[in-house]
Amino acid sequence: MADEVKLHGVTGSPFVCRAVIALNLKGINYEFVAEDFSNKSADLLKYNPVYKKVPVLLHNGNPILESLVIVEYIDEVWKGVPILPQDAYEKAQARFWAKFMDDKCDPAIFKVISSHGEEQAVAEAHEALQFLENELKVKGNKYFGGDNINLVDIAAISIAYWIGAAEEALGIEVLSKHKFPKLTEWSDNYVNCQAVKDSLPPIENLVAFLKKRFSKAE
Amino acid sequence: MGEVKLFRTWSSPYALRIVWALKLKGIVYETIYEDLANKSSLLLEYNPVHKKVPVLLHNRTPICESLVILEYIDETWNTTARFLPEDPLARATARFWAKFNDDRVVTSIFRAYVTQGAEQEEAIGPALENLDIVEKQLIGKNFFSGESFGFLDLVFGWIAKYLGILEETGGIKLLDEDRFPHILAWKDKFCDIPVIKESWPDREKLITKFQLMREHFISTAAGSS
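Predicted model only: the values in this text are computed from it and were never measured.

Peer 1: Before we go on, may I ask you to explain the pattern of salt bridges in this structure?
Peer 2: Between side chains of opposite charge, a pair can form as their charged atoms come close. This structure, assessed with the given rule, holds 27 salt bridges over all chains. Across the pair Glu124 of chain A and Lys111 of chain A runs a salt bridge, and its minimum N-O distance is 3.5 Å. Placement of the pair is Glu124 of chain A in helix H5 (residues 119-139) and Lys111 of chain A in helix H4 (residues 88-114), with a sequence separation of 13 residues. Among the ionic contacts, a cluster of salt bridges with common partners joins Glu72, Glu76, Lys91 and Arg95 of chain A together with Glu71, Glu75, Arg91 and Arg95 of chain B.

Shown next, in the form of C-alpha coordinates:
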(Lines give C-alpha, C1' and ligand atoms only; values in the text may rest on other atoms or scores of the structure.)
Protein backbone atom coordinates (compact mmCIF):
# COMPACT_ATOMS: atom_id res chain seq x y z
CA MET A 1 0.00 0.00 0.00
CA ALA A 2 1.47 3.36 -0.99
CA ASP A 3 2.00 5.86 1.79
CA GLU A 4 -0.31 8.84 1.73
CA VAL A 5 1.43 11.91 3.11
CA LYS A 6 -0.14 15.35 3.39
CA LEU A 7 1.19 18.48 5.01
CA HIS A 8 -1.18 21.24 6.04
CA GLY A 9 0.65 24.54 6.17
CA VAL A 10 1.29 28.07 4.99
CA THR A 11 4.38 29.11 3.03
CA GLY A 12 5.07 32.07 5.31
CA SER A 13 5.69 29.92 8.40
CA PRO A 14 9.20 28.82 9.37
CA PHE A 15 7.61 26.03 11.45
CA VAL A 16 5.91 24.62 8.37
CA CYS A 17 9.22 25.02 6.52
CA ARG A 18 10.92 22.74 9.07
CA ALA A 19 8.54 19.95 8.09
CA VAL A 20 8.99 20.67 4.36
CA ILE A 21 12.79 20.48 4.69
CA ALA A 22 12.54 17.12 6.47
CA LEU A 23 10.19 15.73 3.80
CA ASN A 24 12.41 16.96 0.96
CA LEU A 25 15.58 15.72 2.68
CA LYS A 26 14.12 12.22 2.78
CA GLY A 27 12.70 12.47 -0.75
CA ILE A 28 9.15 11.82 0.43
CA ASN A 29 6.24 12.40 -1.96
CA TYR A 30 3.60 14.46 -0.27
CA GLU A 31 0.69 16.76 -0.95
CA PHE A 32 0.88 20.30 0.42
CA VAL A 33 -2.48 21.55 1.62
CA ALA A 34 -2.34 25.34 1.79
CA GLU A 35 -4.27 26.74 4.73
CA ASP A 36 -5.83 30.16 5.03
CA PHE A 37 -5.90 31.34 8.66
CA SER A 38 -9.01 33.41 8.10
CA ASN A 39 -10.75 30.27 6.86
CA LYS A 40 -9.18 27.16 8.39
CA SER A 41 -10.02 23.88 6.70
CA ALA A 42 -12.31 21.37 8.38
CA ASP A 43 -9.43 18.89 8.33
CA LEU A 44 -7.12 21.26 10.21
CA LEU A 45 -9.70 21.80 12.93
CA LYS A 46 -10.39 18.07 13.11
CA TYR A 47 -6.75 16.96 13.28
CA ASN A 48 -5.44 19.75 15.52
CA PRO A 49 -8.38 20.65 17.76
CA VAL A 50 -6.10 21.73 20.63
CA TYR A 51 -4.08 24.40 18.82
CA LYS A 52 -5.80 24.71 15.39
CA LYS A 53 -2.36 25.52 13.97
CA VAL A 54 0.01 24.45 11.22
CA PRO A 55 2.01 22.44 10.42
CA VAL A 56 -0.07 19.26 10.60
CA LEU A 57 1.37 16.14 8.98
CA LEU A 58 -1.10 13.46 7.93
CA HIS A 59 0.44 10.04 7.35
CA ASN A 60 -2.12 7.54 6.07
CA GLY A 61 -4.79 9.62 7.77
CA ASN A 62 -2.95 9.81 11.12
CA PRO A 63 -2.12 13.32 12.35
CA ILE A 64 1.25 14.34 13.76
CA LEU A 65 1.45 17.80 15.32
CA GLU A 66 4.15 20.28 16.39
CA SER A 67 6.94 20.95 13.91
CA LEU A 68 9.83 19.35 15.84
CA VAL A 69 7.68 16.32 16.73
CA ILE A 70 6.86 16.04 13.01
CA VAL A 71 10.55 16.19 12.04
CA GLU A 72 11.48 13.44 14.54
CA TYR A 73 8.55 11.34 13.33
CA ILE A 74 9.70 11.69 9.71
CA ASP A 75 13.20 10.65 10.78
CA GLU A 76 11.93 7.56 12.61
CA VAL A 77 9.60 6.35 9.86
CA TRP A 78 11.66 7.05 6.74
CA LYS A 79 15.19 5.69 6.98
CA GLY A 80 18.08 7.07 4.90
CA VAL A 81 19.54 10.58 5.25
CA PRO A 82 19.43 10.65 9.07
CA ILE A 83 18.16 13.81 10.74
CA LEU A 84 19.02 12.82 14.31
CA PRO A 85 22.36 11.32 15.39
CA GLN A 86 22.48 7.66 16.43
CA ASP A 87 24.41 8.23 19.65
CA ALA A 88 22.10 8.89 22.62
CA TYR A 89 24.19 11.77 23.97
CA GLU A 90 24.53 13.48 20.55
CA LYS A 91 20.79 13.00 20.09
CA ALA A 92 20.14 14.66 23.47
CA GLN A 93 22.34 17.59 22.46
CA ALA A 94 20.46 17.98 19.17
CA ARG A 95 17.10 17.89 20.97
CA PHE A 96 18.35 20.42 23.52
CA TRP A 97 19.34 22.96 20.85
CA ALA A 98 16.19 22.35 18.79
CA LYS A 99 14.11 23.01 21.93
CA PHE A 100 16.20 26.12 22.57
CA MET A 101 15.21 27.37 19.10
CA ASP A 102 11.54 26.73 19.89
CA ASP A 103 11.49 28.09 23.44
CA LYS A 104 13.93 31.00 23.25
CA CYS A 105 15.15 31.92 19.77
CA ASP A 106 11.98 31.86 17.70
CA PRO A 107 9.91 33.84 20.25
CA ALA A 108 12.75 36.38 20.49
CA ILE A 109 12.97 36.65 16.70
CA PHE A 110 9.21 37.07 16.50
CA LYS A 111 9.36 39.90 19.06
CA VAL A 112 12.05 41.67 17.03
CA ILE A 113 9.98 41.41 13.87
CA SER A 114 6.67 42.43 15.43
CA SER A 115 8.28 45.38 17.25
CA HIS A 116 10.14 46.48 14.12
CA GLY A 117 13.51 46.06 15.73
CA GLU A 118 12.85 47.66 19.11
CA GLU A 119 16.11 47.90 21.08
CA GLN A 120 15.23 45.62 24.01
CA ALA A 121 13.78 42.98 21.66
CA VAL A 122 16.93 43.01 19.55
CA ALA A 123 19.12 42.72 22.66
CA GLU A 124 17.17 39.66 23.82
CA ALA A 125 17.35 38.09 20.37
CA HIS A 126 21.09 38.71 20.26
CA GLU A 127 21.50 37.04 23.64
CA ALA A 128 19.74 33.93 22.34
CA LEU A 129 21.58 33.97 19.00
CA GLN A 130 24.93 34.29 20.78
CA PHE A 131 24.51 30.82 22.30
CA LEU A 132 24.09 29.36 18.82
CA GLU A 133 26.98 31.42 17.47
CA ASN A 134 29.17 30.00 20.26
CA GLU A 135 27.99 26.46 19.55
CA LEU A 136 29.12 26.80 15.91
CA LYS A 137 32.40 28.38 16.98
CA VAL A 138 33.21 25.68 19.53
CA LYS A 139 32.29 22.74 17.29
CA GLY A 140 33.93 24.30 14.22
CA ASN A 141 31.63 22.49 11.79
CA LYS A 142 29.85 23.58 8.63
CA TYR A 143 26.43 22.80 10.14
CA PHE A 144 25.06 22.19 13.61
CA GLY A 145 24.87 18.57 12.48
CA GLY A 146 28.53 18.46 11.40
CA ASP A 147 29.15 17.83 7.69
CA ASN A 148 25.44 17.31 7.09
CA ILE A 149 22.39 19.14 8.38
CA ASN A 150 20.54 17.72 11.36
CA LEU A 151 17.54 18.48 13.58
CA VAL A 152 19.14 21.68 14.90
CA ASP A 153 19.82 23.09 11.43
CA ILE A 154 16.24 22.28 10.45
CA ALA A 155 14.90 23.88 13.64
CA ALA A 156 16.97 27.03 12.99
CA ILE A 157 15.55 27.81 9.52
CA SER A 158 14.03 31.06 10.81
CA ILE A 159 17.53 32.34 11.56
CA ALA A 160 18.86 31.44 8.13
CA TYR A 161 15.99 32.83 6.06
CA TRP A 162 13.24 34.57 7.98
CA ILE A 163 15.53 37.06 9.73
CA GLY A 164 17.02 38.21 6.40
CA ALA A 165 13.57 38.56 4.86
CA ALA A 166 12.36 40.56 7.87
CA GLU A 167 15.43 42.80 7.74
CA GLU A 168 14.60 43.64 4.13
CA ALA A 169 10.86 43.98 4.72
CA LEU A 170 11.12 46.25 7.74
CA GLY A 171 14.45 48.02 7.28
CA ILE A 172 15.99 46.63 10.45
CA GLU A 173 19.26 44.90 11.23
CA VAL A 174 19.34 41.81 13.41
CA LEU A 175 21.98 39.35 12.22
CA SER A 176 25.06 41.36 11.30
CA LYS A 177 28.02 39.52 9.80
CA HIS A 178 30.27 41.44 12.15
CA LYS A 179 28.50 40.33 15.32
CA PHE A 180 27.58 36.81 14.15
CA PRO A 181 30.23 35.66 11.66
CA LYS A 182 29.63 31.95 12.27
CA LEU A 183 25.84 32.15 11.99
CA THR A 184 26.18 34.23 8.82
CA GLU A 185 28.52 31.68 7.27
CA TRP A 186 26.28 28.82 8.38
CA SER A 187 23.20 30.57 6.90
CA ASP A 188 24.87 31.02 3.51
CA ASN A 189 25.81 27.33 3.36
CA TYR A 190 22.54 26.12 4.74
CA VAL A 191 20.13 27.90 2.39
CA ASN A 192 22.12 26.52 -0.53
CA CYS A 193 21.62 22.86 0.45
CA GLN A 194 19.42 21.34 -2.22
CA ALA A 195 16.73 20.04 0.16
CA VAL A 196 16.57 23.43 1.88
CA LYS A 197 16.59 25.41 -1.38
CA ASP A 198 13.65 23.31 -2.59
CA SER A 199 11.74 24.07 0.61
CA LEU A 200 12.02 27.84 0.86
CA PRO A 201 9.36 30.25 -0.36
CA PRO A 202 10.74 32.76 -2.92
CA ILE A 203 12.37 35.61 -0.99
CA GLU A 204 10.29 38.33 -2.71
CA ASN A 205 7.10 36.57 -1.63
CA LEU A 206 8.29 36.22 1.96
CA VAL A 207 9.42 39.86 2.10
CA ALA A 208 6.03 40.98 0.77
CA PHE A 209 4.22 38.70 3.24
CA LEU A 210 6.21 40.03 6.22
CA LYS A 211 5.78 43.64 5.09
CA LYS A 212 2.02 43.14 4.90
CA ARG A 213 1.71 41.18 8.15
CA PHE A 214 3.90 43.40 10.28
CA SER A 215 3.39 46.84 8.76
CA LYS A 216 2.89 49.44 11.47
CA ALA A 217 -0.63 50.84 11.64
CA GLU A 218 -0.39 54.45 10.51
CA MET B 1 26.86 1.93 32.83
CA GLY B 2 28.97 4.76 34.24
CA GLU B 3 28.77 7.47 36.85
CA VAL B 4 25.43 9.24 37.15
CA LYS B 5 24.75 12.46 39.05
CA LEU B 6 21.58 14.52 39.24
CA PHE B 7 21.59 18.23 39.98
CA ARG B 8 18.23 19.11 41.49
CA THR B 9 16.46 21.22 44.07
CA TRP B 10 14.44 19.55 46.84
CA SER B 11 11.22 21.03 45.43
CA SER B 12 11.48 21.16 41.63
CA PRO B 13 8.76 19.04 39.97
CA TYR B 14 10.86 18.92 36.78
CA ALA B 15 13.80 17.40 38.67
CA LEU B 16 11.37 14.98 40.32
CA ARG B 17 10.56 13.53 36.88
CA ILE B 18 14.22 12.53 36.63
CA VAL B 19 14.31 11.11 40.17
CA TRP B 20 11.36 8.89 39.23
CA ALA B 21 12.95 7.86 35.93
CA LEU B 22 16.29 6.96 37.53
CA LYS B 23 14.66 4.99 40.35
CA LEU B 24 12.26 3.17 38.01
CA LYS B 25 15.19 2.05 35.87
CA GLY B 26 17.12 1.00 38.98
CA ILE B 27 19.97 3.38 38.13
CA VAL B 28 22.44 4.16 40.91
CA TYR B 29 23.07 7.88 41.08
CA GLU B 30 24.35 10.67 43.30
CA THR B 31 22.18 13.67 44.11
CA ILE B 32 23.56 17.19 44.19
CA TYR B 33 21.12 19.66 45.73
CA GLU B 34 21.25 23.18 44.38
CA ASP B 35 20.13 26.41 45.99
CA LEU B 36 18.86 28.48 43.07
CA ALA B 37 19.52 31.68 44.98
CA ASN B 38 23.17 30.65 45.15
CA LYS B 39 23.93 28.46 42.15
CA SER B 40 27.04 26.33 42.24
CA SER B 41 29.80 26.93 39.73
CA LEU B 42 29.27 23.37 38.53
CA LEU B 43 25.61 24.02 37.66
CA LEU B 44 26.59 27.16 35.74
CA GLU B 45 29.26 25.18 33.92
CA TYR B 46 26.95 22.29 33.04
CA ASN B 47 23.91 24.38 32.12
CA PRO B 48 25.28 27.72 30.93
CA VAL B 49 22.28 28.38 28.68
CA HIS B 50 19.45 28.09 31.22
CA LYS B 51 21.30 27.84 34.57
CA LYS B 52 18.48 25.59 35.80
CA VAL B 53 17.81 22.17 37.26
CA PRO B 54 17.52 19.35 36.50
CA VAL B 55 20.89 18.53 34.96
CA LEU B 56 21.88 14.91 34.52
CA LEU B 57 25.57 14.16 34.49
CA HIS B 58 26.45 10.85 32.87
CA ASN B 59 30.15 10.04 32.85
CA ARG B 60 30.82 13.75 33.38
CA THR B 61 28.80 14.88 30.34
CA PRO B 62 25.75 17.02 31.09
CA ILE B 63 22.27 16.63 29.66
CA CYS B 64 19.75 19.43 30.29
CA GLU B 65 15.96 19.94 29.94
CA SER B 66 13.80 17.39 31.73
CA LEU B 67 12.03 16.00 28.61
CA VAL B 68 15.38 15.61 26.81
CA ILE B 69 16.84 13.89 29.89
CA LEU B 70 13.88 11.48 30.11
CA GLU B 71 14.36 10.37 26.51
CA TYR B 72 18.12 10.08 27.06
CA ILE B 73 17.62 7.85 30.10
CA ASP B 74 15.08 5.74 28.23
CA GLU B 75 17.41 5.23 25.25
CA THR B 76 20.59 4.67 27.25
CA TRP B 77 19.23 2.26 29.88
CA ASN B 78 17.15 0.39 27.35
CA THR B 79 17.18 -3.13 28.76
CA THR B 80 14.59 -2.35 31.41
CA ALA B 81 10.98 -1.45 30.67
CA ARG B 82 10.85 1.45 28.21
CA PHE B 83 9.03 4.67 29.07
CA LEU B 84 8.23 5.58 25.48
CA PRO B 85 6.39 3.27 23.08
CA GLU B 86 8.22 1.68 20.13
CA ASP B 87 5.75 2.77 17.46
CA PRO B 88 6.72 6.14 15.88
CA LEU B 89 3.14 7.41 15.75
CA ALA B 90 2.58 6.61 19.43
CA ARG B 91 5.91 8.29 20.25
CA ALA B 92 4.98 11.41 18.30
CA THR B 93 1.63 11.53 20.10
CA ALA B 94 3.34 11.19 23.49
CA ARG B 95 5.80 13.96 22.62
CA PHE B 96 2.90 16.21 21.57
CA TRP B 97 1.10 15.73 24.89
CA ALA B 98 4.33 16.26 26.84
CA LYS B 99 4.79 19.61 25.09
CA PHE B 100 1.12 20.45 25.74
CA ASN B 101 1.63 19.84 29.45
CA ASP B 102 4.81 21.90 29.68
CA ASP B 103 3.67 24.75 27.41
CA ARG B 104 -0.03 25.06 28.31
CA VAL B 105 -1.17 23.08 31.35
CA VAL B 106 1.64 24.13 33.68
CA THR B 107 1.67 27.78 32.59
CA SER B 108 -2.11 28.24 32.79
CA ILE B 109 -2.37 26.63 36.24
CA PHE B 110 0.65 28.55 37.47
CA ARG B 111 -0.97 31.76 36.32
CA ALA B 112 -4.15 30.99 38.27
CA TYR B 113 -2.09 30.20 41.38
CA VAL B 114 0.15 33.27 41.22
CA THR B 115 -2.56 35.92 40.73
CA GLN B 116 -5.39 37.30 42.80
CA GLY B 117 -8.70 39.08 42.45
CA ALA B 118 -10.04 39.74 38.98
CA GLU B 119 -6.80 38.61 37.36
CA GLN B 120 -7.05 35.24 39.09
CA GLU B 121 -10.70 34.83 38.16
CA GLU B 122 -9.77 35.44 34.54
CA ALA B 123 -6.93 32.90 34.76
CA ILE B 124 -9.07 30.06 36.11
CA GLY B 125 -11.04 29.56 32.87
CA PRO B 126 -8.05 28.65 30.66
CA ALA B 127 -6.59 26.47 33.43
CA LEU B 128 -9.82 24.46 33.64
CA GLU B 129 -10.10 24.20 29.83
CA ASN B 130 -6.60 22.75 29.67
CA LEU B 131 -7.47 20.30 32.45
CA ASP B 132 -10.58 19.30 30.45
CA ILE B 133 -8.25 18.33 27.61
CA VAL B 134 -6.05 16.38 30.06
CA GLU B 135 -9.14 14.62 31.45
CA LYS B 136 -10.17 13.52 27.94
CA GLN B 137 -6.75 11.96 27.42
CA LEU B 138 -7.38 9.53 30.27
CA ILE B 139 -10.72 8.19 29.02
CA GLY B 140 -10.48 4.42 28.55
CA LYS B 141 -7.00 4.29 30.07
CA ASN B 142 -5.45 3.37 33.39
CA PHE B 143 -2.53 5.72 32.91
CA PHE B 144 -1.65 8.53 30.48
CA SER B 145 0.61 6.06 28.68
CA GLY B 146 -2.20 3.49 28.35
CA GLU B 147 -2.64 0.20 30.16
CA SER B 148 0.55 0.67 32.10
CA PHE B 149 2.55 3.53 33.41
CA GLY B 150 5.05 5.32 31.11
CA PHE B 151 6.59 8.53 29.79
CA LEU B 152 3.45 10.67 29.88
CA ASP B 153 2.77 9.74 33.49
CA LEU B 154 6.24 11.01 34.38
CA VAL B 155 5.39 14.23 32.51
CA PHE B 156 1.91 14.74 34.02
CA GLY B 157 2.96 13.30 37.40
CA TRP B 158 3.36 16.73 39.03
CA ILE B 159 -0.44 17.05 38.95
CA ALA B 160 -0.77 14.26 41.53
CA LYS B 161 0.84 16.37 44.27
CA TYR B 162 1.75 19.88 43.13
CA LEU B 163 -1.69 20.79 41.79
CA GLY B 164 -3.14 20.35 45.28
CA ILE B 165 -0.35 22.52 46.70
CA LEU B 166 -1.02 25.26 44.13
CA GLU B 167 -4.75 25.08 44.83
CA GLU B 168 -4.27 25.41 48.58
CA THR B 169 -1.71 28.23 48.46
CA GLY B 170 -3.43 29.99 45.56
CA GLY B 171 -6.85 29.80 47.19
CA ILE B 172 -8.39 28.11 44.15
CA LYS B 173 -10.25 24.87 43.51
CA LEU B 174 -9.54 23.30 40.12
CA LEU B 175 -9.69 19.52 40.45
CA ASP B 176 -13.42 19.13 41.02
CA GLU B 177 -14.40 15.45 41.32
CA ASP B 178 -17.48 15.79 39.12
CA ARG B 179 -15.58 17.48 36.30
CA PHE B 180 -12.34 15.45 36.52
CA PRO B 181 -13.15 11.89 37.66
CA HIS B 182 -10.49 10.34 35.40
CA ILE B 183 -7.69 12.61 36.62
CA LEU B 184 -8.65 11.82 40.23
CA ALA B 185 -8.74 8.07 39.54
CA TRP B 186 -5.35 8.28 37.80
CA LYS B 187 -3.94 10.27 40.72
CA ASP B 188 -4.73 7.44 43.12
CA LYS B 189 -3.14 4.79 40.89
CA PHE B 190 -0.09 6.97 40.21
CA CYS B 191 0.48 7.73 43.89
CA ASP B 192 0.28 4.02 44.71
CA ILE B 193 3.41 3.27 42.72
CA PRO B 194 6.17 2.70 45.33
CA VAL B 195 8.83 4.84 43.61
CA ILE B 196 6.36 7.72 43.34
CA LYS B 197 5.10 7.35 46.90
CA GLU B 198 8.58 7.47 48.40
CA SER B 199 9.88 10.40 46.36
CA TRP B 200 7.51 13.28 47.10
CA PRO B 201 9.12 16.22 48.90
CA ASP B 202 7.69 17.06 52.34
CA ARG B 203 4.17 18.47 51.92
CA GLU B 204 4.40 21.09 54.66
CA LYS B 205 7.70 22.37 53.27
CA LEU B 206 6.10 22.62 49.82
CA ILE B 207 3.13 24.55 51.20
CA THR B 208 5.47 27.04 52.90
CA LYS B 209 7.58 27.41 49.79
CA PHE B 210 4.69 27.94 47.39
CA GLN B 211 3.01 30.31 49.83
CA LEU B 212 6.17 32.46 49.89
CA MET B 213 6.57 32.20 46.12
CA ARG B 214 3.04 33.45 45.56
CA GLU B 215 3.53 36.37 47.93
CA HIS B 216 6.74 37.27 46.13
CA PHE B 217 5.07 37.20 42.70
CA ILE B 218 2.11 39.27 43.88
CA SER B 219 4.28 41.92 45.54
CA THR B 220 6.56 42.09 42.48
CA ALA B 221 3.58 42.49 40.19
CA ALA B 222 2.12 45.20 42.43
CA GLY B 223 5.46 47.01 42.49
CA SER B 224 5.71 47.12 38.74
CA SER B 225 2.17 48.29 37.96
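Peer 1: What exactly am I supposed to notice about the side chain of Glu167 of chain B here?
Peer 2: Residues and elements named next belong to chain B. Within the secondary structure, Glu167 sits in helix H7 (residues 162-170). There is no salt bridge for the buried Glu167, and the closest opposite charge comes from Lys173, which lies 4.9 Å off by N-O distance. Only 2.5 Å separates the side chain of Glu167 from the backbone nitrogen of Leu174, close enough to count as a polar contact. If sequence neighbours within four positions are ignored, Glu167 has contacts with Ile172, Lys173, Leu174 and Leu175.

Peer 1: Any chance you could explain the side chain of Ser158 of chain A here in plain terms?
Peer 2: All names here are of chain A. By the secondary structure assignment, Ser158 is in helix H7 (residues 157-170). Accessibility expressed as a relative area gives 2% for Ser158, which makes it buried. The residues touching Ser158, leaving out its near neighbours within four places in the chain, are Pro14, Met101, Asp106, Ile109 and Ile163.

Peer 1: So what exactly am I meant to see when it comes to H7 of chain B here?
Peer 2: Working note: α-helix, 3.6 residues per turn, so residues spaced by three or four point in the same direction. Taken across its nine residues, H7 of chain B has seven buried, putting it largely inside the fold. Of the positions making up H7 of chain B, those classed as buried are Tyr162, Leu163, Ile165, Leu166, Glu167, Thr169 and Gly170 of chain B.

What counts, and where the lines are drawn
Residues numbered from 1 in each chain as written. Chains lettered and ligands numbered in written order. Predicted model: local features only at pLDDT ≥ 70, side-chain atom pairs only at ≥ 80, totals over all residues. Heavy atoms only, no water. Salt bridge = Lys/Arg side-chain N within 4 Å of Asp/Glu carboxyl O. Helix = DSSP H or I, 4+ residues; strand = E, 2+ residues; numbered from the N terminus. Buried < 20%, exposed > 50% of the residue type's maximum accessible area, 1.4 Å probe, protein only. Lys, Arg positive; Asp, Glu negative; His and termini not counted. Polar contact = N/O pair within 3.5 Å; in protein donor to acceptor, adjacent residues only side chain to side chain. Contact = heavy atoms within 4.5 Å.

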